[in-house]
Amino acid sequence: MTDLVKENILLNAVTSAFKIEGKVIRDRRVEVHADKNTVSSILLFAKKQLGYIHMNHMTCIDWIEQGEFELVYTIYHPVDKLTLFVKTRIDREIPVMENIDTIWDHANTYEREMREMFGIEFPGLVGEHDFILEDWDQIPPMRKEFDTHKYAAETFYTRPGREDAKDVREELSKRSGTVVPDFAKKYSRE
Amino acid sequence: MVREKETTLYIGPQHPGITGNMMVKLKVQGDTVVSAATHVGYLHRAFEKLIERRNWIQAFTLLCRFCVPEPDPMELTYARAVEELDNREVPERAKYIRVIVMELARMQSFMLWYAGQSGSAGLYLTPQWSVGDRNYILDLFEDLTGGRIYHMYIWPGGVRRDLPEGWTDKTLRTMDYIEKRLDEYNKILFDNTIFQKRAQGVGIVPKDKAIEWGVVGPVLRGTGIKSDVRIDEPYEVYDKIDFDVPTQEGGDIWARALVRKEEVRQSIRIIRQAIADMPGGAYYNKVSNPMKWTVPAGQAWAKTESVRGEIGFHVTSDGGNKPYRVHVKGAAYTHGVTVLEKILPGQNIADVSFILNSLGVCPPEIER
Amino acid sequence: MSFIDLKGMLQPLGAVKQLFKKPHTIQYPYETNKASDNYRGLHFNDLDQCIGCGNCSTICQNDAIDMISLDNIDGKKGDSGLRPRIDNGRCCWCALCVDVCPTGSLNLTKDYIFVTDNPNDFLLTPGLDNPDAKDRLSYTCDMNTSLSLYDRVPMRELDGKERVKSFAEVVLGYSEEEARAEADRCISCGLCTEACPENMHIPEYINAIARGNDDDALRIIYDNNPLPEMCGKVCTRVCEDVCALQVRGEAVAIRWLKRYATETAPTVEMIKEIVDPKIEEPNGFSVGIVGAGPAGLTAAYYLALKGYDVTIYEAQAHAGGMIMYGIPKYRFPLESIDKQIQYMESIGVKIKYNTKVGKDITFDEIYTNNDAVFVGIGLQNPWNIGIKNEDSPGVISAIEYLKIINSDETYDVGKKVAVIGGGNVAIDGARVSARFGADVTILYRRRVEDMPADWEEIEGAEHEGINIVPQAIPTRIIKDEKTGKVIGIEYLKAKMVAEDGGRPRPVAIEGSETIYECDTVIGAIGQQADFDWLPENYKEDLIIERGKIQVNDLRQTGVTKIFAGGDSVKYGNSDAISAIADGFNAVKGIDKLLLK
Ligand SMILES: Cc1cc2nc3c(=O)[nH]c(=O)nc-3n(C[C@H](O)[C@H](O)[C@H](O)COP(=O)(O)OP(=O)(O)OC[C@H]3O[C@@H](n4cnc5c(N)ncnc54)[C@H](O)[C@@H]3O)c2cc1C
Ligand code: SF4
């Protein structure tokens, strides 16, 4: 378990074939970082040549500060019982990614969801645009800048009768006549 | 034969069977399905988004709600992903407790499956029995966690409370009772010609396509492929426990039913062993103040075998006190969309919800 | 397989036999379902136990909890006066609120049926709306199951035997890791801020430490305390007495965390760089300050920042007042004081040392040459013990003794020392004597638990081998007839008598005279202010009652232009932080007077 032989063999196989970086995360977990254009070739290679025939998962992470979406493809070898993560980053401003539902049929569902929730386009993707959301007119909601608090406040009304709620910290400041300076407020209780 | 006119038929979005609110849009010719498309959107609660606004412990209370029939594996999978990121040891006793909870969760969920599977075949006695007997398992949960359906019990670092006094004895007694009841279920369901006729040869998932379609759990094992996270990538103390992973050939509803029928018994076996072997000691490796607890930056992928197959959590931390992203993948995500759409064509309308049930489709898990 | 499968058709019919079994679901006579012992039903809150910290409302991820004022509950120190109200339309019974309740007042009950046709009833104030639910508690949380972190990160200290060998600082301070862990325990309720005389922004700076932003922590601290290094080491920390965690466990080590933050800036330059104080343009007003104790220094610091021309007149050679000449150096080393004073001087505070007002300069001069005056003279004269032979050589007051030692002069206490008193000053006198190799005994009138000294100080003294004799009332000092020097002290043992349910008083037991032989008797039963320097005409207008100058909440005296603060005024607890609060508030007063 601890010598990670299988893991390193896998890592080498993928990184040397595509001249990319990667690492063994722990036993049974290997990740590689690919350019978005090579992702489908890596997935195909892993599936056909290495036996990673099962795709467990596909996910998207919005790194808003870096201006990127990170896509993670999680694939699995049922015999070796290894999991390979193929990770790539795409520009948040031009969120286009290759469609891979020809490699795994169920990628279609993930991609439809990502299209809807993150606004990522997958050229050639078949499937209705409204997957989970209906008549959605805001920005794709899983993007980090979508503020659920604000949306809820604008869309729904709050039940009456709770206006008398007080903030403990404020109440105490008021009572003792102190002012928490603005630069310190970010450390006050959330 | 006269070519019949094609009509569109909607199954759902009211519970088609008892799986939850979703809609399958069918094109049918006569009684035969020509094509099917899954529509979800009736249960979307944006949990994954809401979690990003909550801290690591607050988030845990939302997780169980991802899937109503089987909340516990969600808690466990999340806990394991977070523990991996945080390098947090879990006390041995907690691991055993977790295994027991997982298997009880599996059993209560099977009881619901019994109900759904037979109910959607028009056999209404089994649901009465199994849902009734499920309550005895829920009683155990209530004693253990204070809640019946949503337990909010397994959290990062261990479990929330130690076993109450006398709980293991009560559990063992319940196991004996359920074991006896299973024989009676057999008589009214598995030995029942009606059920056999309805299930055999229907809703076939082809063995050669199964893995590629992303099929997991009992559905996959029903095609003869032995795959179970509990043995493939053992977690908690499953590697110290003796149990079988049943498989069946055929890939039809019947095969899946037989797999499940055996799995309940395996669960009882696991619970008995876990209770016998459970060590004393701590049940929780306390995390820091929940409002301030931060988890080191990184990503973790944890998976757990639920009653419907593999549940995976992809958890990303940016080092803060809230999860940066939690993406949940339940078995139904593929079963309810890709697989369903592929195997429904050619089937009889009357079998649609029967098939839905046998695939273990849980709509809240699809849209979360 | 033929369709007629006899076994498969008949088997299910076997179910008919169930008809004759006892049903599982229906019971005759009717019984209600009993909820389990830790069922998560409606909330119950013990309103008396609750301190309104609001942690429940912070953790509730459903925003189900509001903190509201109730008619019959008033806020006080250590209680915000607010109580949780649950919106049961939102609650999901996760019970996190219970698991984070530091006092254990909030619990869930077995009540799971709640029917009403009035939607407003679902806003339930637990404890108020369901007082009887007290008997049906189910999901509760003790200190083991709680998510609160009740145990303080222990402070490393020199070993007791090691300590008495020198004046090396006893407390070693938190490491970064220890400080973060300790800061993590804080639940940010802010109850402490009300108890702190200076209302420091405690949750904020602790949270900054927890998040690893020590610079911000320091900046927040300096916002209203210019002597944090001193407070971090020796503050009386009344804040910790009301910490929400202290109800069941150990208070957050607020003082040590402040100390940690100040230790991240070990030089004057670093303090200046991090705090980066904004010094306003000179505003043309000047303020004269009498006494460079904490009160005077604080007023001077914030006045200087606001552009006032500030001069302090200090009788002694060093600034700091009692924190320089009273507090022993093993608690607050000289470098620390020097650093704090240098920092003040670096932002423009002028201090005239060795200038006793009334002797080296007249008060009139200060009064007429300045737009306002602040008086922070402290309590420089000790009270007498009031027993026979007190004037013998070998009897000394603690503050005199400490002043000698802190001025690096010598005083021989001999082999055995008796210290009279139970406050911090007594303990200081005792622990300093112990450092000169003396065998020390403290005689105190009441019980050990009644001692006003800080418990950590009492413990510290015990670890250093100091003997405490409680319930001992000194009656006379015994002197050597020939030399006149002290050779012992006689005391009576006392029993504690509570009259009319009041605080128990020590009453001497007749005939219990005991003699303790010793070379020195150190008296530490209190100090008083010295107003001899003040011209008579001011004394009247200032209004001095029971030895203390009377001031309003802006620390203004009976004379419009004169403000006062510190030990010599009526406010506060006679500790450094109260003196700081006086100085800080006087600045507001002076601002109001001069700038309007
Ligand atoms: C032994 C001892 C230990 C203590 N330990 C602690 C502790 O651990 N924690 C704590 O919080 N507090 C402690 N205190 C109390 C604390 O030191 C005082 O509360 C605090 O110093 C009061 O500040 P102040 O500014 O009012 O007066 P002081 O600190 O007494 O300062 C007054 C200053 O005014 C000067 N002065 C007086 N008259 C004149 C004059 N006519 N002309 C010029 N200058 C004059 C004095 O020389 C002195 O420097 C202790 C006190 C003592 C005596
Ligand atoms: S039980 Fe959970 S949801 Fe309900 S008030 Fe408490 S924290 Fe909020």
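## Comments concerning the overall build of chain B
Tallying secondary structure elements over chain B gives 14 helices and eight strands in all. On C-alpha atoms alone, chain B measures out to a radius of gyration of 21 Å, which is about the 21 Å that the 2.2 N^0.38 rule sets for 368 residues. Along the first, second and third principal axes, the C-alpha atoms of chain B reach 70 × 45 × 35 Å. Of all 368 residues assigned to chain B, the portion counted as buried reaches 68%. Contacts in chain B between residues at least 24 apart in sequence constitute 72% of all its contacts with a sequence separation of at least 6. Carbon and sulfur atoms form 50% of the exposed surface of chain B, whose accessible area is close to 10,900 Å². Each charge class in chain B can be summarised by its mean position, and for the 47 positive and 47 negative side chains these summaries are 5 Å apart.

## A few points about the interface of chain A and chain B
Counting from both sides, the interface comprises 44 residues of chain A and, opposite them, 41 residues of chain B. Each partner contributes to the roughly 3,800 Å² buried at the junction of chain A and chain B, and carbon and sulfur atoms together form 51% of this total. In terms of surface lost to chain B, no three residues of chain A exceed Ile132, Met142 and Lys144 of chain A, which account for 14% of the buried area on that side. Counting every contact that joins chain A to chain B gives six salt bridges. The closest approach of N and O atoms between Glu233 of chain B and Arg29 of chain A, which form a salt bridge, is 3.0 Å. Here chain A and chain B share 26 residue pairs in polar contact (both at pLDDT 80 or more) between them. At the level of elements, strand 3 (54–63), strand 4 (68–77), strand 5 (82–91), helix 3 (107–118) and helix 4 (148–155) of chain A are the ones that each hand at least two residues to the side of chain A that touches chain B.

## A short note on the site of ligand 1
All names here are of chain C. Around ligand 1, a shell composed of 37 residues is seen, among which Val234, Glu314, Met322, Arg331 and Asp567 lie nearest. Taking Ala295, its main chain carries an N or O atom lying 3.0 Å from an oxygen atom of ligand 1. Asp575 places a main-chain nitrogen or oxygen 3.4 Å from an oxygen atom of ligand 1. Bound to the protein, ligand 1 loses 96% of the 980 Å² it would expose on its own. Elements that contribute at least two residues to the shell around ligand 1 include exactly helix 13 (294–305), helix 14 (322–325), helix 17 (398–406), helix 18 (424–435) and helix 21 (576–594). The residue inventory of the shell around ligand 1, partitioned by class, reads 18 nonpolar, 13 polar and six charged. Three or more residues apiece are contributed to the shell around ligand 1 by two domains, here domain 3 (277–380 + 530–594) and domain 4 (383–527).

## Let's talk about the environment of Ile274 of chain C
All names here are of chain C. Mapped onto the fold, Ile274 is located in helix 12 (residues 268–275). Look at Ile274 and you get buried, because its relative accessible area is 9%. The spacing of Ile274 and Glu365 is 91 residues in sequence and 38 Å in space, taken between C-alpha atoms. Contact partners of Ile274, with chain neighbours within four places excluded, come to Asp215, Leu218, Arg219 and Ala265.

## What to know about the interface of chain C and chain B
Counting residues at the interface gives 50 residues for chain C, matched by 43 residues for chain B. Across the chain C/chain B interface, buried area totals approximately 3,500 Å², and carbon plus sulfur atoms make up 48% of it. Per-residue buried area on chain C facing chain B is highest for Arg40, Gln61 and Leu147 of chain C; these three make up 18% of the total on that side. Viewed at the interface, chain B and chain C are joined by two salt bridges. Note that Arg160 of chain B and Asp99 of chain C form a salt bridge whose closest N and O atoms lie 2.8 Å from each other. Listed by contribution, the elements that provide at least two residues to the side of chain C that touches chain B are helix 1 (6–10), helix 2 (55–59), helix 3 (96–100), helix 5 (176–184) and helix 7 (202–210) of chain C. Its residues assigned to classes, the side of chain C that touches chain B comprises 25 nonpolar, 16 polar and nine charged.

## Observations regarding the layout of surface pockets
Size it by volume and the second largest pocket reaches roughly 1,200 Å³. Along its surface, the second largest pocket is lined by 37 residues, and Thr148, Ala152 and Phe156 of chain A, Arg53 of chain B together with Arg90 of chain C are the ones closest to its centre. Mapped by element, the contributors of at least two residues to the lining of the second largest pocket are helix 4 of chain A, helix 1 (47–51) of chain B together with strand 2 (65–69) of chain C. Ranked by the residues each element gives to the lining of the second largest pocket, the list is headed by helix 4 of chain A, at five residues. Grouping the constituent residues of the lining of the second largest pocket by class yields 18 nonpolar, eight polar and 11 charged.

## Regarding the site of ligand 2
Contacts to ligand 2 come from His43, Cys60, Asn62, Ile65, Cys91, Cys92, Trp93, Cys94, Ala95 and Cys97 of chain C. Here the shell around ligand 2 is composed, by residue class, of eight nonpolar, two polar and no charged.

## Focus on unusual backbone geometry
Residues and elements named next belong to chain C. The backbone of Asp63 shows a phi angle near 50 degrees, a positive value even though the residue is not glycine. Despite not being glycine, Arg555 has its phi angle at roughly 65 degrees, a positive value. Along the chain, Arg555 turns up in the loop between strand 22 (548–549) and strand 23 (562–564).

## Let's talk about the confidence of the model for chain C
All names here are of chain C. With 98% of its residues at a pLDDT of 70 or more, chain C shows a mean pLDDT of 87. Element-level mean pLDDT values for chain C span from 75 in helix 1 up to 93 in strand 1 (residues 43–45). Reported confidence for the predicted complex is 0.88 by ipTM and 0.84 by pTM.

## Description of the domain arrangement of chain C
All names here are of chain C. Partitioning chain C into structural domains gives domain 1 (22–139), domain 2 (160–274), domain 3 (277–380 + 530–594) and domain 4 (383–527). Once you take the C-alpha centre of each, domain 1 and domain 2 turn out to be 35 Å apart. Summed over both partners, the interface of domain 1 with domain 2 buries about 890 Å², with 66% contributed by carbon and sulfur atoms. On the domain 1 side of the contact with domain 2, Lys77, Gly78 and Pro102 bury the most area, a combined 45% of that side's loss. Scanning the region where domain 1 abuts domain 2 turns up zero salt bridges.

Definitions and limits used
Residues numbered from 1 in each chain as written. Chains lettered and ligands numbered in written order. Predicted model: local features only at pLDDT ≥ 70, side-chain atom pairs only at ≥ 80, totals over all residues. Heavy atoms only, no water. Helix = DSSP H or I, 4+ residues; strand = E, 2+ residues; numbered from the N terminus. Rg over C-alpha atoms; globule rule 2.2 N^0.38 Å. Buried < 20%, exposed > 50% of the residue type's maximum accessible area, 1.4 Å probe, protein only. Contact = heavy atoms within 4.5 Å. Areas by Shrake-Rupley, 256 points an atom, 1.4 Å probe, with all protein chains shown as cover. Lys, Arg positive; Asp, Glu negative; His and termini not counted. Charge placed at Lys NZ, Arg CZ, Asp CG, Glu CD. Buried area = accessible area lost by both parts, 1.4 Å probe. Salt bridge = Lys/Arg side-chain N within 4 Å of Asp/Glu carboxyl O. Polar contact = N/O pair within 3.5 Å; in protein donor to acceptor, adjacent residues only side chain to side chain. Near = heavy atom within 4 Å. Nonpolar A, V, L, I, M, F, W, Y, C, P; charged D, E, K, R; others polar. Domains from an automatic or database assignment. 1 Å grid on protein atoms, 1.4 Å probe; cavity = no way out; pocket = protein on both sides within 12 Å on 5 of 7 lines; lining within 4 Å. Points joined across faces, edges and corners; volume = space filled by probe spheres on them. pLDDT = per-residue confidence, 0-100.

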